[in-house]
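# Working through the structure, step by step
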Amino acid sequence: MLQEIREEVLEVVRAVFPIILIIVILEVGVLRAAPSDLLLFLLGSGMVVLGIALFLSGVKGGLLPIGDAIGSELPARGSLALVIAGTFFFGLLTIIAEPNIRILAGMLDTASGGGIPSGSLILVIAASVGFIVTVGVLRIIYGFPLAYLFAAGYGIVLLLAPFTPPDLLAVAVDAGGVTTGLLVIPVILALGTGVSSVLAGRSPLTDGFGLVGLAALGPVIGVMLVGVIYP
Amino acid sequence: MIVAPLFEGINQVFLEVAQALLPLLIFFGVFQVLFLKLPRVYVINLVRGILVAALGMALFLQGVNVAFLPAGRAIGEAVTAYGHLWLLIPFGFLLGFLTTYAEPAVRVLGYQVAESSSGYIKESLIVYTLSIAVAISVALGMARLVYGIPLLYIIIPGYLLVIVLLFFTDRDFVGIAFDSGGVATGPMAVTFLLSLAVGVAAGIEGRNPVTDGFGLIALIALAPILSVLVLGILYRRTRGEEA
């Protein structure tokens, strides 16, 4: 486990190093930040790096096997209702656990001064992802083309966008990208490959793809719908 | 003296982590008892993994709260106070390029595309294409912020283009293209770039931090989708129509 965490740390450092460097240059050059502020930033960045590394290795050791187990157990039971209910709740709860969503909610509270209730927003996003991931899993089972699903989904987004209030529009389209974060990507991929590998004739490589993209599309539609219905 | 601000609000963060992970744990518990019935040693390992993940999530959120969010906002506000707002556009380009180029998930994606095209599309081509595409997106997002372009004017043509390209691209590329939208919107983009944008929007007279500050992540997510769809079209062309 320690070896694994060390490798994760190196990978995370590589990924965040350019940003940290730029921020340090700006803090020193533009903001003329006090040494104590700079130290606080660097220590905080260290926490971020260590946090991501621990989180990812924890996800690999704990949450991924759960996604895989549930993904392969569901279709094997042969009950469609169970597949639908199981995938929906699993998708929903994964979103509630996604760190990125917490950050979006916090930022929204600060930016809107509490004008947009972030708690209910999280639930809307979670329910939309649960719903659309269920549709995606049903697609893998019945094997209809992914392109139609995405064309329909983005078509709906285009229809809803002009009627969505501007502040919710910006939040809605961002919610898609925010959803697919540190936790959701690996867990949803595991769910997809789990389902694909159980079903004969489905290749985990090509049929497992697409679920993350759907997970990113769901909240856009969900938040827009809320904005159109309750302006 | 540096320790106190570093752990400010940590109780709140622990509460949030518990709120985030407990529902999933309970769901798994129910599933385990009813259907999975995994062996005990295996379950203990899973729980240990979840505890490590919880600790990691707490550190990550706390670090973001004390380091990245204030830095993004402060830099955003400083730039607006300095004048020369157009500087944000090349700055956005640079940030977009560097974050994508350094992102490990982008390399994994490059590998997947190389596999799907049986080596016709090289991994390095994907990495550069995506980095430049995201760079352009972030620059565009900054331009939108600086000149107050409504989000709809960018989002509608972008999503329309997605639908059009969908019908011309290679089938095997569709899933990868949409999945790749999530690849570029990593934790750095979400934390630092979004708070920078909100900071800039808060600093410019007549801009709304919510309406104008948000929207950047959507543009970043759109770039890889469009790029991979286009690569799929190129691949389909050279391979020749078989159907």
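Look a little higher up for the structure.
Read on for a plain summary of the structure. Note that the structure is predicted; figures quoted are calculated from it, not measured.

### Re the overall build of chain B
Summing up its helical and strand segments, chain B has 10 helices and zero strands in all. Element order for chain B, N to C, with α for helix and β for strand: α-α-α-α-α-α-α-α-α-α. Judged by the C-alpha coordinates and their principal axes, chain B covers about 55 × 55 × 30 Å. When each of the 243 residues of chain B is scored for burial, the buried share is 57%. Taking the intrachain contacts of chain B between residues at least 6 apart in sequence as the baseline, contacts between residues at least 24 apart amount to 81%. A total of about 10,400 Å² of accessible surface is found on chain B, and carbon and sulfur atoms cover 68% of it. In chain B, 12 side chains carry a positive charge and 13 a negative one; their mean positions are 6 Å apart.

### Examining the nonpolar core
With 161 residues, the main nonpolar core has Phe68 and Phe214 of chain B as its most contacted residues. Residue contacts for phenylalanine 214 of chain B: discarding those within four places in its chain leaves Leu104, Met107, Leu108, Ala111, Ala170, Val171 and Asp174 of chain A together with Arg144, Leu194, Val198 and Pro209 of chain B. In this structure, Ile5 and Leu40 of chain A together with Leu59 and Val66 of chain B belong to the second largest nonpolar core, which totals eight residues.

### Digging into helix α4 (residues 99-112) of chain A
Residues and elements named next belong to chain A. Taking 1.5 Å of rise per residue, 14 residues should cover 20 Å, and α4 covers 20 Å from first to last C-alpha, within 8% of that figure. Along α4, 11 of the 14 residues are buried, which leaves the element largely enclosed by surrounding structure. Residues of α4 that are buried: Pro99, Asn100, Ile101, Arg102, Ile103, Leu104, Ala105, Met107, Leu108, Ala111 and Ser112. N-capping of α4 is provided by glutamate 98, with a side-chain oxygen placed 3.2 Å from the backbone N of asparagine 100.

### Details of the packing of aromatic side chains
Aromatic ring pairs are reported here in terms of the distance separating the ring centres and the angle at which the planes meet. Residue and element names in this part refer to chain B. By the definition in use, this model includes 11 aromatic pairs over all chains. Ring centres of tyrosine 101 and tyrosine 128 lie 5.7 Å apart, and the angle between their planes is 40°; this geometry places the pair in the tilted category. Of this pair, tyrosine 101 sits in helix α4 (residues 88-102) while tyrosine 128 sits in helix α6 (residues 123-147), and the two are 27 residues apart along the sequence. Measuring from centroid to centroid gives 5.5 Å for phenylalanine 173 and tyrosine 235, while their planes differ by 35°, and the two rings are tilted. With phenylalanine 173 in helix α8 (residues 171-184) and tyrosine 235 in helix α10 (residues 216-239), this residue pair connects regions lying 62 residues apart in the sequence.

### Brief notes about helix α2 (residues 10-36) of chain B
Residues lying three or four places apart along an α-helix face the same way, a consequence of the helix completing one turn every 3.6 residues. The largest bend in α2 of chain B amounts to roughly 30° and is located at leucine 21 of chain B, with the proline proline 23 of chain B lying one to four residues further along. Of the residues making up α2 of chain B, those classed as buried are Ile10, Val13, Glu16, Val17, Ala20, Leu21, Leu24, Phe27, Phe28, Phe31, Gln32 and Leu36 of chain B. Structurally, α2 of chain B contributes buried residues whose contacts are with α2 (35-76), α3 (80-97) and α4 of chain A together with α3 (40-82) of chain B. A positive backbone phi angle near 50° is found at lysine 37 of chain B, which sits one or two residues after α2 of chain B.

### A look at the pattern of salt bridges
Residue and element names in this part refer to chain A. Going through the model one piece at a time under the given rule, you end up with one salt bridge over all chains. Residue glutamate 8 pairs with lysine 60 through a salt bridge whose shortest N-O separation is 2.5 Å. Of this pair, glutamate 8 sits in helix α1 (residues 2-29) while lysine 60 sits in helix α2; the two residues are 52 residues apart in sequence, bridging distant segments of the chain. On the basis of relative accessible area, glutamate 8 is assigned to the buried category, the value being 7%.

### Some remarks on the interface of chain A and chain B
Across the boundary between the two partners, chain A contributes 89 residues, which contact 86 residues of chain B. Broken down residue by residue, the surface that chain A buries against chain B is led by Met47, Met107 and Tyr154 of chain A, which jointly contribute 9%. Across the contact surface, chain A and chain B share zero salt bridges. Counting the contacts that link chain A with chain B gives six residue pairs in polar contact (both at pLDDT 80 or more). Elements with a minimum of two residues in the side of chain A that touches chain B: α1, α2, α3, α4, α6 (146-160), α7 (166-179), α8 (184-198) and α10 (211-229) of chain A. Among the elements that line the side of chain A that touches chain B, the one with the most residues is α2 of chain A, at 26 residues.

### Considering the environment of valine 134 of chain B
Of note, valine 134 of chain B is situated in helix α6. Between the C-alpha atoms of valine 134 of chain B and alanine 114 of chain B, which are 20 residues apart in sequence, the distance is 20 Å.

### Some remarks on the side chain of threonine 100 of chain B
Residues and elements named next belong to chain B. Considering the arrangement of structural elements, one finds threonine 100 in helix α4. Separated by 2.7 Å, the side chain of threonine 100 and the backbone oxygen of glycine 96 make a polar contact. When sequence neighbours within four positions are dropped, the list of residues in contact with threonine 100 reads Val106, Leu130, Ser131 and Val134.

Analysis parameters
- All residue numbers refer to positions counted from 1 along the written sequence of the respective chain.
- Whichever chain is written first becomes A and whichever ligand is written first becomes 1, with later ones labelled in order.
- It should be noted that, the model being predicted, local features are given only for residues of pLDDT at least 70 and side-chain atom pairs only at 80 or more, the latter also being counted only at that level, while totals for whole chains, interfaces and linings use all residues.
- Hydrogen atoms and water are omitted, and side-chain values are computed over all heavy atoms in the structure.
- Counting from the N terminus, the helices are the DSSP runs of H or I reaching at least four residues and the strands are the DSSP runs of E reaching at least two.
- Partly exposed describes any residue whose relative accessible area lies between the buried limit of under 20% and the exposed limit of over 50%, with all areas from a 1.4 Å probe on protein chains only and scaled to the type maximum.
- When checking whether two residues touch, look at their non-hydrogen atoms; a contact exists if any pair is within 4.5 Å.
- In short, Shrake-Rupley with a 1.4 Å probe defines the accessible areas, and a residue's cover is counted only from the protein chains shown.
- Asp and Glu are treated as the negative residues and Lys and Arg as the positive ones, with His and the ends of the chain left uncounted.
- Here the site of a charge means atom NZ of a Lys, CZ of an Arg, CG of an Asp or CD of a Glu.
- Residues grouped as a nonpolar core are buried Ala, Val, Leu, Ile, Met, Phe, Trp, Tyr and Cys residues, joined through side-chain atoms within 4.5 Å.
- For a helix, the expected span equals 1.5 Å multiplied by the number of residues minus one.
- The term polar contact refers here to a pair of N or O atoms within 3.5 Å; inside protein, the definition further demands a hydrogen-donor-capable atom paired with an acceptor-capable atom, and it admits residues adjacent in sequence only when both atoms are side-chain atoms.
- Any Phe, Tyr or Trp ring, taking Trp's six-membered ring, that has another such ring centre within 6.5 Å forms a pair; planes under 30 degrees apart are called stacked, those over 60 apart edge-to-face, and the others tilted.
- Consider a residue and the seven residues that end there alongside the seven that start there; fitting an axis to each set, the bend is the angle between those axes.
- Any Lys or Arg side-chain nitrogen located within 4 Å of an Asp or Glu carboxyl oxygen qualifies as a salt bridge.
- Joining two parts hides part of their accessible area as seen by a 1.4 Å probe, and the buried area is that hidden amount summed over both.

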